[in-house]
Amino acid sequence: NGTKPNGLGHAIENKDSSPTSERLQVINDEKNFTTHLSSQIERWGLRDVGFNYNIVAVFGSQSTGKSTLLNRLFGTTFDVMDETRRQQTTKGIWMCRGNDMSVMVMDVEGTDGRERGEDQDFERKSALFSLASSEVLLINLWEHQVGLYQGANMGLLKTVFEVNLGLFGKKAQDGSQGRTLLLFVIRDHIGVTPLANLQATLTADLTKIWDSLSKPQDLQDRQLSDYFDLAFTALPHKILATDKFEAEVQELRKRFVDKNRDDFVFKPAYHKRIPADGVAFYMDNIWEQVQTNKDLDLPTQQELLAQFRCDEISSVALAEFTEQSKSQRRPIEAGRVVECLGGLMRNWRSQALERYDRDASRYHQGVYKRKRDDLLAVLDSALSPLFLGQLKNLHKSCLSAFKKELLEGLRGEEYNFADVVGKARTKCETQFTDGATEALLEDTDWTWEDELESLREEIGNVADQCRKDETKKMVNLIERNFKKQISEPVEINLNKAAPDMWDNVLSTFKQTLEKAESTYLAKARSFNCTDDENVTSLAALRKRAWLALRAKIDEQTADTVILSKLRSHFEERFRYDDNGVPRVWRPDDDIDGAFKKAKEQTLDLIPRYANIAPTDPSLEFTLPSEISDPLTSTDEFDFSSTLVIFTETKSIDLASRFRKDADAYYVEAKRSTVSSIAQ
Ligand code: GDP
Ligand code: MG
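Counting restarts for each chain: residues are numbered from 1 in the order of the written sequence. Following the order in which they are written, the chains are lettered starting with A and the ligands numbered starting with 1. In keeping with the model being predicted, local features are shown solely for residues with a pLDDT of at least 70 and side-chain atom pairs are shown and tallied solely at 80 or more, while totals for entire chains, interfaces and linings include all residues. Computation of side-chain values: all heavy atoms of the structure, hydrogens and water removed.

Asks: If you had to explain the overall build of the protein to someone new, which residues and values would you point to?
Replies: What the protein contains, in helices and strands, is 21 helices and 9 strands. Across the 679 residues in the protein, those meeting the buried criterion constitute 43%. We call two residues contacting when some pair of their heavy atoms lies within 4.5 Å. Within the protein, contacts between residues separated by at least 24 positions form 74% of all contacts whose residues are at least 6 apart in sequence. Per-residue accessibility takes into account occlusion by the displayed protein chains alone, with areas from the Shrake-Rupley method and a 1.4 Å probe. Surface accessibility of the protein: about 35600 Å² in total, with carbon and sulfur atoms responsible for 50%. Secondary structure follows DSSP: runs of H or I at least 4 residues long count as helices, runs of E at least 2 residues long count as strands, and numbering of each begins at the N terminus. Relative accessible area decides the class of each residue, using a 1.4 Å probe on protein chains only: under 20% of the type maximum gives buried, over 50% gives exposed, and in between gives partly exposed.

Listed below in structure tokens is the structure:
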């Protein structure tokens, strides 16, 4: 026939001359992957079919009729063992195209490692390869193998599942690899035990295997059903019930051909979604991963010993390490920053590794190194809480140092707020960064940047609050100075009660306010106040200044004060002559006229006091009125009403009270003339 070996010892064979019936040894007995798969797929006419193809493979013990089954189902030309010669077929994985089907079929040929005592390496690898690369895996077994753990290759399945999960489990999860159908084909089914019972036994076995797998950390709770669908079928004895066998195989074949059947096996969910022209590369890759996977290699005696001893040595080193590191756990948990924690941790870690290296490095190097990595990971994860605790404590202590620094800097009268905050901030951040860098161990994925970020945020908040407090204090101080400055000028002017009294008061007020505002602005610059804050503060300052002026005016126009002002005004005109000399009334003096004149002049003052009204309109001052608002906690403030010192009624009342005082002077003056006559 047309066998032609290639450079790698792979064979391409063809029994008739059509390229579609050619078969290819995908993996040879040297465990090499063929370089011809890509061109073979093209020769099969499958290169350009896109996703329109399927892959099926078979798994099972030697000589259980696997090749026979495949040839019947798919019209392929795999070698079948010749009963008469009992000759072993070539080891490896073979592939055919299904006859008139867009299916790539893989047949596994091999020695039966268990029976022949050979190593199971090829068996395991080819099984894993089939499982990972095909959509449907036929698991072929004799009826009498059901329930026999070894006989049914269940032990092999365990390893294969385990490694499959480790290698491809995550990919399968994100949907990029889809699911796989495990189709159990029970051969030589006599029929005494119904298929349902056999199926139950196999399902229970598989579940048990799955539960006993050592699964990767992040796939701990994955179920068998997350990755695999199970299906079961049975075939009669090929020799004893030939016709029935052929008929049922034909029936089974329909499940691979007829898309409309409910039990059609090539469901879209099983497809690996690799376009046909990429299959060769994809499979080559899977084989590469399978080949290089360490978990499939049976450990040698040397490795077994190394595993045992390295584990022991590692746990001794770990115990000493744990003892050492315990000393600093308390203080960290109590919130203290441990001086030189990084140095300590570095020491404990390197001592543990040295101890391990000293004793373990004599053993199998691969195992020694792997266990060393494990140990290092354990050490680092034990130290990590100390590191994180240290960061937290550093954060706290740096923040309180910042607050203290700030308070100290703001103690005097003359300080630049922005400078004080800037200095304290730099000091605090440097302190944190230095501490964090010291505690950070090399070759870890630890970081402290996030903690620094949150520290920065808190510093910002503290500084902000402090700035607001300081601004408030400053505004209060300015207000106090303002009050002092306007006090005397207001008193003098209100005493004089000249016609331009309010002009003088208001112009003093305005000048003083201007000075206060510029004092505020000069300070606010060093506080880094925002424009909004400045607008608010200035508005508050203006209002408070105005209210301070009003308070001073109120004090100067209180009943007794204003009455005394009126009295002395009257006295000056009535009891003293134009030259300021006290009058001595004589009987022929015009007491009535003088009295009347002084009284009128004094009464004229009341309306002058009654309203804050300058004669020069340019001196008028105004403030926006505010409606009371519980949200911003502003009280009602009506500016125009603050201009009124005396209401109409009040003015009348004051006038009448003053008149009584004046009348008393008049009576006294009259009496004095009487007494002077009497003398
Ligand atoms: P493979 O090694 O699993 O591929 O098995 P083969 O297909 O090469 O078959 C091995 C031997 O078993 C051959 O002599 C077949 O004729 C025979 N055989 C195939 N199918 C059956 C079957 O269903 N029952 C029995 N009893 N023998 C079979
Ligand atoms: Mg075979």
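Asks: Hey, could you go over the UniProt feature "binding site: GTP" (unreviewed entry) in the protein for me, with residue numbers and the actual values?
Replies: UniProt positions are given in the numbering used here, feature names are shortened, and annotations may be inferred rather than shown by experiment. As annotated by UniProt and renumbered to match this structure, "binding site: GTP" (unreviewed entry) occupies G60, S61, Q62, S63, T64, G65, K66 and S67. Its location among the elements puts S63 in the loop between β4 (54-60) and α2 (66-74). For S63, a relative accessible area of 35% puts it in the partly exposed group.

Asks: Any details on the packing of helix α4 (residues 121-133) against helix α9 (residues 279-292)? Residues and values, ideally.
Replies: Every angle, taken between N-to-C directions, lies between 0 and 180 degrees, and every axis is a line fitted to C-alpha atoms, over only the stretch in contact when it is a helix. Closest axis-to-axis distance for the α4/α9 pair is 10 Å, and the angle between their directions is 140°. It follows that α4 is oblique to α9 by the angle criterion. Two packed elements cross with a definite hand, and for α4 against α9 that hand is right-handed. Together, K125, S126, L128, F129, A132 and S133 of α4 and Y282, M283, I286, W287, V290 and Q291 of α9 make up the contact between the two elements. Comment on the angle field: the value is read as roughly parallel under 35 degrees, roughly antiparallel over 145, roughly perpendicular from 65 to 115, and oblique elsewhere. Crossings are classed by handedness, with left-handed meaning an anticlockwise turn of the near helix from the far one by less than a right angle and right-handed meaning a clockwise turn.

Asks: Tell me about the nonpolar core, and please be specific about residues and values.
Replies: Each nonpolar core is a collection of buried residues, namely Ala, Val, Leu, Ile, Met, Phe, Trp, Tyr and Cys, held together in the definition by side-chain atoms within 4.5 Å. Among the nonpolar cores identified, the biggest contains 59 residues, and L37, F129, F161 and M283 are the most heavily contacted of them. Here this core gets 8 residues from one element, more than from any other, and that element is helix α5 (residues 154-173). Not counting the four nearest positions on each side in its chain, F129 is found in contact with I27, F33, I93, M106, M283, I286, W287 and V290. Ranked by size, the runner-up nonpolar core spans 55 residues in total, among them Y368, L394, A439 and L452.

Asks: If you had to explain the pairing of strand β9 (residues 228-234) to someone new, which residues and values would you point to?
Replies: Burial runs high along β9: 5 of the 7 residues are buried. For strand β8 (residues 180-187) and β9, the ladder comprises 7 bridges, and the chain directions are parallel. In the sheet register, T180 faces β9, and the bridge partner there is F228. Whether two strands pair comes down to DSSP finding at least two bridges between them.

Asks: Can you tell me about the pairing of strand β5 (residues 92-97), naming the residues and giving the values?
Replies: For β5, a buried count of 6 out of 6 residues is recorded, marking the element as mostly surrounded by other parts of the structure. Direction of pairing for strand β3 (residues 23-27) relative to β5: antiparallel, over a ladder of 4 bridges. Within β5, the position partnered with I27 by the bridge is I93. In this structure, β5 lies alongside strand β6 (residues 103-109), joined through 6 bridges in antiparallel fashion. In the strand pairing of β6, G92 is matched with E109. Hairpin connection, β5 to β6: the antiparallel pair is bridged by 5 residues, and D100 has positive phi, about 60°.

Asks: Break down the side chain of E429 for me, citing the residues and quoting the values.
Replies: Turning to its location among the elements, E429 is positioned in helix α14 (residues 417-439). Every residue in contact with E429, bar those within four places of it in the chain, is listed here: L452, R456 and I459.

Asks: Requested: an account of unusual backbone geometry, with residues and values cited.
Replies: Phi angles above zero are rare outside glycine, and D100 is one such case at about 60°. Along the chain, D100 falls in the loop between β5 and β6. With relative accessibility at 74%, the residue D100 sits in the exposed group. With a phi angle near 55°, C340 is a residue other than glycine that sits in the positive phi range.

Asks: Can you lay out α2 for me, pointing to particular residues and giving the numbers?
Replies: Counting buried positions along α2 yields 8 of 9 residues, so the element is predominantly enclosed. Looking at the buried side of α2, the elements it contacts are β4, β6, β7 (136-142), β8 and α8 (242-257). Backbone geometry just downstream of α2 places G75 in the positive-phi region, at approximately 65°.

Asks: Describe the pattern of salt bridges, listing the residues and the values that go with them.
Replies: A pairing counts as a salt bridge when a side-chain nitrogen of Lys or Arg comes within 4 Å of a carboxyl oxygen of Asp or Glu. Counting across every chain of the model gives 40 salt bridges. A salt bridge links R542 to E517; the nearest nitrogen and oxygen atoms lie 2.8 Å apart. Residue R542 is found in helix α17 (residues 531-556), and its partner E517 is found in helix α16 (residues 501-527); the two are separated by 25 residues along the sequence. On the accessibility criterion, R542 (29% relative accessible area) is partly exposed. You can call E517 buried: its relative accessible area is 17%. A salt bridge links R573 to E572; the shortest N-O distance between them is 4.0 Å. In this structure R573 comes out as partly exposed when scored by relative accessible area, which is 31%.

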